[in-house]
Amino acid sequence: MAPSVGLVAVVLAVGLVRSTSLASDGVKPITAVLDANWRSTPLLLEISEFMAAESNASFWSFVDGAVGVDATTDKAEYDAGMAIVKDMLSQLDADLLRFALSVRFHSPAVQAFQQVALEHLHDSSAKACETFATVNGKDYCSVSELKAALEEATTGETVAPLVYDFDHVFPFTFGAPVSAVVYGRLGTASLREFHALLKPLAEAGKVRYVLRHYVQESVLQARERLRMSGYGVELAIKSTEYKAVDDSAVKEGDAGTPSMAKDDEDEVEGFLFGILKKRFPDQVDDLRKLRAHMVESTNTMAPLKVWQLQDLAFQASQRILTSEPTDAMRIMRDISQNIPMLARSLSKTRVSHDVRSEIISNQKVLQNYGIDSGSSVFFVNGMLLRLDAMDPFRLIALLKSEAKAMYGLSTIGITGADLQRTLAVSVHSAQGKFGVDMRGDAVQYVNNVENDQEYHSFSPYLQQMLYGVPEGHLRRIRKNIFNVIFCVNPVEEQSIRLLQGAHDMINDLTPVRIGLLFVAGGGGDVDAKQHAGAALTRVYKYVQSNQGGRAALKWLANFYQNHELPIEASAVYTQVVSEFGEDDANELFAEDAEEDKMRRLGNRFFQRKGLVALPRVVINGQIVEVSTGKDVRKSVIEACDGMTQPLQQKVYMGEINDWTNLEERFYTRDNIKKRYNGFIFDKDAPVLTLTAAEPEASLSSSQLPGDQLTARLISRLHYAHTSDSESEARVITAMVATDLTSAHGQAMVAAALKQAQRDVHLRATFLHNPSSDASRGAFVAKATVSILRSQTPSVAAQCIASLMEPAASAERDSHDGFLRLAKGVMGFDVAAFEAAVANVDEELALHAQFISQVVKLSADQSAVIANGKVLGPLTEETVFIAEDFLLLQEFDMGLYAEKLLAELKSVVLPALADGETESHARSNLIMKAVSALRTLPQRQRYTGLELKKEHSAMHLQTGGGQFSFEILAVIDPLTQSAQRLAPLLQVLQNVTSVDVTVFMNPRGKLSELPVKRFYRYVLEPSLTFMPNGAVSGAVAAVFSDLPESVLLTMKMDVPQSWMVEVVRAAYDLDNIRLADVEQAVVSNFQLISIVIEGHCSDTETGAPTRGVQFVLGTASLPDRVDTIVMANMGYFQLKASPGAWGLRLRNGRSQDIFQIEETTGAEVNKVDDSALVIVNDFNGKFIEVSVRKRAGKESEDVLEGGGEEEKTGFWGNVLGTGDENYEAETDDVIHVFSIASGHLYERFLRIMMLSVVKKTKTPVKFWFLQNFLSPQFKDFIPHMAKEYDFQYELVQYKWPHWLHQQTEKQRIIWGYKILFLDVLFPLNVKRIIYVDADQTVRSDLKELMDMDLGGAPYAYTPFCNSRPEMDGFRFWKSGYWASHLSGLPYHISALYVVDLKRFRRLAAGDRLRGQYQGLSQDPNSLANLDQDLPN
């Protein structure tokens, strides 16, 4: 009893001293939770999606086990699912699965299937079915009905269903005669029956079996909304400069119930209150009071003097470094997230000399890597990750790709230190877009900007590059800055348009140097009187030689103007005779005419450069897409303009000056090659998995999944190369997949062998892809594969090379003929060949299966698989020639091969198989290692970051698996970055095997508190469950023990693609003062939508299509949301939920003028002029859309007549105004826009609205920004609208990721007032009036609606000058503003009117955003953002 008495005595003593503060012992935490706008998805389905991301085969293996699960709770599903995958995943992948389930990573994928199912059921009779299947457009709810339908379908016509890219299709069933799409939930008896029927049919190739997740709506609605994690919540300390707190009382029962989540820290000043409460359960209330007193006295918010702040970051680092290693990460988290109230305590900490000196020494090293003191950075396996863009969802995706590569490398024997060194080798090019060196006599230059007299008035100085020019123009500088080469066939329509555009640019003195490469075809000698291309090429050369390039181009332009397509050679001859006489014409058209050399030279040059298709435009070595429409000049200028900024930077830095040889500079860049091959340079080419273990020999190849089929093929492959050295490794492996019986296939084999025989780094093998039944068993294919299997590599190379010679065509198609050829090759083993050819059919079948199922080539296509990278598909016109294999070898050698070879020399090879050489084994090791590295994201990896770690770093290692992630963090604990990074590192320790090293990087000499907010990051390492087996909802941001007197404002810190809003909160989250509340402050937020972002441009001009409107929806609701395209990069955004959505141009002028041409990130449907957009993860979607003007609409502008466009869909989230009965807006409606945040200003807003309605006789429509409105206001506004007879609409817009972000909530609100006016409102709103919430309108706003703005896009109210005694507060009267305004008045943003039509026409919004982007980088600029910017 003694301890209890002593404890009570302490508590009583505290009570005597602070009786007033402890009178109320109620705990008042602040909590925030976030739910998705869909119901919690079953965990078994989420696990299946994780497996689907591994591979399609893994998904179906999981399905086989999951259909037998009988689970009634979330916990039972979780346990059953984890048991199924136990033997299917590595330990690292299993860890990541648990983490993925914790953040519900795959819930959007499951919900996407649910949306597809519900859309399908919109007009279906299967709504009452737990599981149903669709065959030939009809739904079947029972297995017996389905079985009958399948039998009937196999005998009649079938209707192919729409199959999405994210659908789960049973392997090897793409050619099945009938498709069955099953909708159901894993773990139900009904789906088990459907699966039992369909799986055998699918395995037999009779049915294409597609499985989509579906949970009956009645079952789903009984589940709670999905509780989210992976986000942050801030409570910023708010300025009390003016009154912002609402004094109205919270209604009884409105406050809500605090979350069950609790702060895990119960230690205060050495007292472990968690343990004390367990030991003294009868003293819990007293212990709570004692803890509250100690927290309040310790965490005082009294301001610090400057001298106390100077060393605060070092003192925080010292506190962390001297804590117990097991507690260090938690302490770092607590310090960083509670800086304002721990600052005074930290200021008393003494910093040791050793810690300070080592930190300063490390900071000098970090500066060499561009990491300044006070910065926080994060490396995973050497990759530098952006903290502002990193969230758990992106991190999981990155860790999964890392784990896949690490596991793949470990399976081939690369482990430990070798593994980390190998990961550091980049197999991705850091270069931008690749180009080709176009120097050569074949290019005929028409002009020379530097020397031609026509350009004498241009500036001779490159410094002129730094000055601006009007839009659509290039800087007039007398230098060959842009060398534009048109590769053309002079008789083809597209080429002719380019030539006419070149002529226009010459006439307009466009400051570009124009070169022409004539590629007229025709082979060697041609008859120019029969070949129009050869004729025109000769004429050009003839006129050029006599009159110059300008005259020659003018001759062509005049000829095209007077002659219609197709061009006839006789017409060219007639024109030449009429202009130059018959004698000159006959000489020019003679077989041996000198002028024909230009044609032959052009043909050879074009082929040698690998440019392939005509026409081509090459600017400074870069191949660019140039419109061949009406305005070639404009398209070329836009392409040149896109290259201007890097040139400006080099001029500014002095790297390029007036004496620089620009042509030499352009064509000797690292990314400019002697030959161009888009397949070799393609950074997005498919990569095959080559590291899988070889399957058991007893398994049939026909049933193997892709990675195992690949492993079996690789184990059987043999190669051809230059020597038979048993130890020399080949770092580049080229697998040539082609029809070995075709002429182009044989030419590609010969080309590969030519390079393999002359270069020691390359080995080649050949896979037969028969294009017909006749070629399937052709002897030349059998012989080629048998030679590789039976002969030494060098003999195989010689023998196959001789076999592919054109002269051997008569011999290679028969067994005896081939042997006559082969016996001429020294070392050829006839007996071994005969044994191999007798058993080659199985190998050829394996080739065909691999090419079809894994490489996914059709019968008439070819490909080169270079160390796992698929270069193709290649057609007869694009097959590789010897120069391409040389380019491949040079490119890969320069990129990674030599470095990787050096790193892997120390790797010990496993025991060699019978007959296997060390050269073959090590070459295979390199090939597989490269394929694994190619699956990694293209990021720079930093190695050799040597920092001292004795005193200034902490090292933590968890797990103990085969390998672990190496994490290095450099942190200033008193930064916003540390507030997110510290909890992330803490969670990662508990997720998987990690090796974490944290270096302190504090900033010294602080003059103010660096972070003025409290912060919580909501993230758990794994799911937790309640006693009833349901997933725990106690996932929340909890702020406890905060000072009661401080005014706080809450803001959600969510991934860029999330749009969230508060849906339940009794208290004003903008103005939280705990002293004014009676109980916990509880807030419930909801993920309203996942943002789809994109760019839209005109296919013809490449210009952004500003003003174009898109709608997003489904077949049943086509106009669910809509948006307007900005001029800034053609940016647009749309709000969506997980699912499959149709994107189309909005009815009206957008659809009348444009049509969707192509997209990236979405699939175009030409039938209904739409694009399919799939949203199935939390990261949103980014798409690029190209549109083309319809015939006859080329001169129309979508912004002209925009007011006539009817509103047919929702505009954002519309509440309570009845859009289904919407009538077109007219000039008789007054549109009023306003923004309010916080209960007090919402009260002001209601008063302002009432004053507008009462003073304005014209109908009024209010527009409010939904982002900041409270739930109370959104609930109240429909009643007010009904009572006072006005319309309203709520709009939302997510701050674009590319626009400089504001961090302070008030400045964000100011930004929304001015930066997005052109895209917040539909085109039919012609004019809008902004009125601040705290204004009272005393006159009819019709006056402003009818006001003549004199052509200006907006009109603001000037500040008054009537009271001289206030001059001291008029900041615009002196300093910068006085100079900038030059006597003009400074205008206030409390009231302004915008002519939206004029605003958009002038691209005013884009100009404002551009000005903002430049000024906002300076934290001291735009103090009053919303009014400083327009001023």
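Structural notes, computed from the coordinates.

About the thresholds
Residues numbered from 1 in each chain as written. Predicted model: local features only at pLDDT ≥ 70, side-chain atom pairs only at ≥ 80, totals over all residues. Heavy atoms only, no water. Helix = DSSP H or I, 4+ residues; strand = E, 2+ residues; numbered from the N terminus. Disulfide = S-S within 2.5 Å. Buried < 20%, exposed > 50% of the residue type's maximum accessible area, 1.4 Å probe, protein only. Contact = heavy atoms within 4.5 Å. Pairing = 2+ DSSP bridges. Axes fitted to C-alpha atoms, helices over the stretch in contact; angles between N-to-C directions. Salt bridge = Lys/Arg side-chain N within 4 Å of Asp/Glu carboxyl O. Core = buried A, V, L, I, M, F, W, Y, C linked by side-chain atoms within 4.5 Å. Patch = residues over 30% accessible without salt bridge, like charges linked within 9 Å, V, L, I, M, F, W, Y side chains within 5 Å. Areas by Shrake-Rupley, 256 points an atom, 1.4 Å probe, with all protein chains shown as cover. Lys, Arg positive; Asp, Glu negative; His and termini not counted. Charge placed at Lys NZ, Arg CZ, Asp CG, Glu CD.

## Description of the environment of Met228
On the secondary structure map, Met228 appears in the loop between strand S7 (225-227) and strand S8 (231-237). Remark: the alpha-carbon pair of Met228 and Asp35, spanning 193 residues in sequence, is separated by 5.3 Å.

## Comments concerning the state of the cysteines
If you walk through the whole model with that rule in mind, you get one disulfide. Across the disulfide from Cys129 sits Cys141; the S-S distance is 1.8 Å. For the disulfide bridge between Cys129 and Cys141, the dihedral angle about the S-S bond is near 80 degrees, and by the sign convention the bridge is right-handed. Highlighted residues: Cys129 in the loop between helix H6 (107-120) and strand S2 (132-135) and Cys141 in the loop between strand S3 (138-140) and helix H7 (143-153), separated in sequence by twelve residues. Here Cys129 falls in the buried class, since its relative accessible area comes to 12%. A relative accessible area of 31% places Cys141 in the partly exposed class. Take Cys487: it sits in no disulfide, and the sulfur closest to it among the cysteines is that of Cys640, at 15 Å.

## Details of the environment of Ile1183
Inspection of the secondary structure assignment puts Ile1183 in strand S39 (residues 1181-1189). On the accessibility criterion, Ile1183 (0% relative accessible area) is buried. Sequence separation between Ile1183 and Ile672 is 511 residues; the distance between their C-alpha atoms is 29 Å. Leave out the neighbours within four places in its chain, and Ile1183 touches Ile1092, Glu1093, Gly1094, His1095, Phe1132, Leu1143, Thr1160, Gly1161, Ala1162 and Val1173.

## Digging into the sheet that holds strand S21 (residues 762-768)
With mixed pairing, four strands are arranged side by side in an open sheet as S21-S20-S22-S23. Since the sheet does not close on itself, it has two edges, and those belong to S21 and strand S23 (869-874), each with one partner. Between one strand and the next, the sheet's axes are offset by a mean angle of 15 degrees, whatever the strand orientation. As judged from the four bridges shared by strand S20 (residues 732-738) and strand S22 (residues 862-866), these two strands associate in the antiparallel manner. Note on S22: the bridge partner recorded for Val736 is Val864. Across the sheet, helix H37 (residues 882-904) lies against S20, S22 and S23, angled at about 145 degrees from S20, the strand it touches most.

## Observations regarding the pattern of salt bridges
Enumeration according to the criterion identifies 54 salt bridges in this entry. Arg439 is paired through a salt bridge with Glu664; the nearest N and O atoms lie 2.8 Å apart. In this pair, Arg439 is assigned in the loop between strand S13 (435-436) and strand S14 (444-445) and Glu664 in helix H27 (residues 662-667), connecting sequence segments 225 residues apart. By relative accessible area, which is 32% here, Arg439 ends up partly exposed. Residue classification places Glu664 among the partly exposed positions, given a relative accessible area of 38%.

## Observations regarding the nonpolar core
Phe378, Phe818, Leu985 and Phe1110 are the most contacted members of the largest nonpolar core, which has 302 residues in total. Considering every element that reaches this core, the biggest residue donor is H37, with ten residues. If we skip the residues at most four places from it in the chain, Phe818 touches Phe779, Ala783, Ile787, Cys799, Leu803, Glu811, Phe828 and Phe833. Counting residues in hydrophobic clusters, the runner-up holds 61 residues, among them Leu499, Ala532, Ala535 and Met643.

## Thoughts on a negative patch on the surface
Together, Asp527, Glu582, Asp583, Asp584, Glu587, Glu591 and Asp592 make up a region of like negative charge exposed at the surface. Note that Glu582 resides in helix H23 (residues 582-588).

## Some remarks on unusual backbone geometry
In the segment running from Leu614 into Pro615, the intervening peptide bond is cis, with an omega of -10 degrees. With respect to the secondary-structure elements, Pro615 resides in the loop between helix H24 (597-609) and strand S17 (616-619). With omega at 5 degrees, the peptide bond leading from Gly872 into Pro873 counts as cis. Considering the arrangement of structural elements, one finds Pro873 in strand S23.

## So, the sheet that holds strand S27 (residues 1013-1018)
Pairing within the open sheet is antiparallel, and its three strands lie in the order S27-S8-S29. In this open sheet, the two strands that pair with only one neighbour each are S27 and strand S29 (1048-1053). Between one strand axis and the next, the sheet turns through 15 degrees on average, direction left out of account. Summarising the sheet, S8 and S29 pair through six bridges and their orientation is antiparallel. Each bridged residue has a counterpart across the sheet, and for Ile237 the counterpart in S29 is Leu1048.

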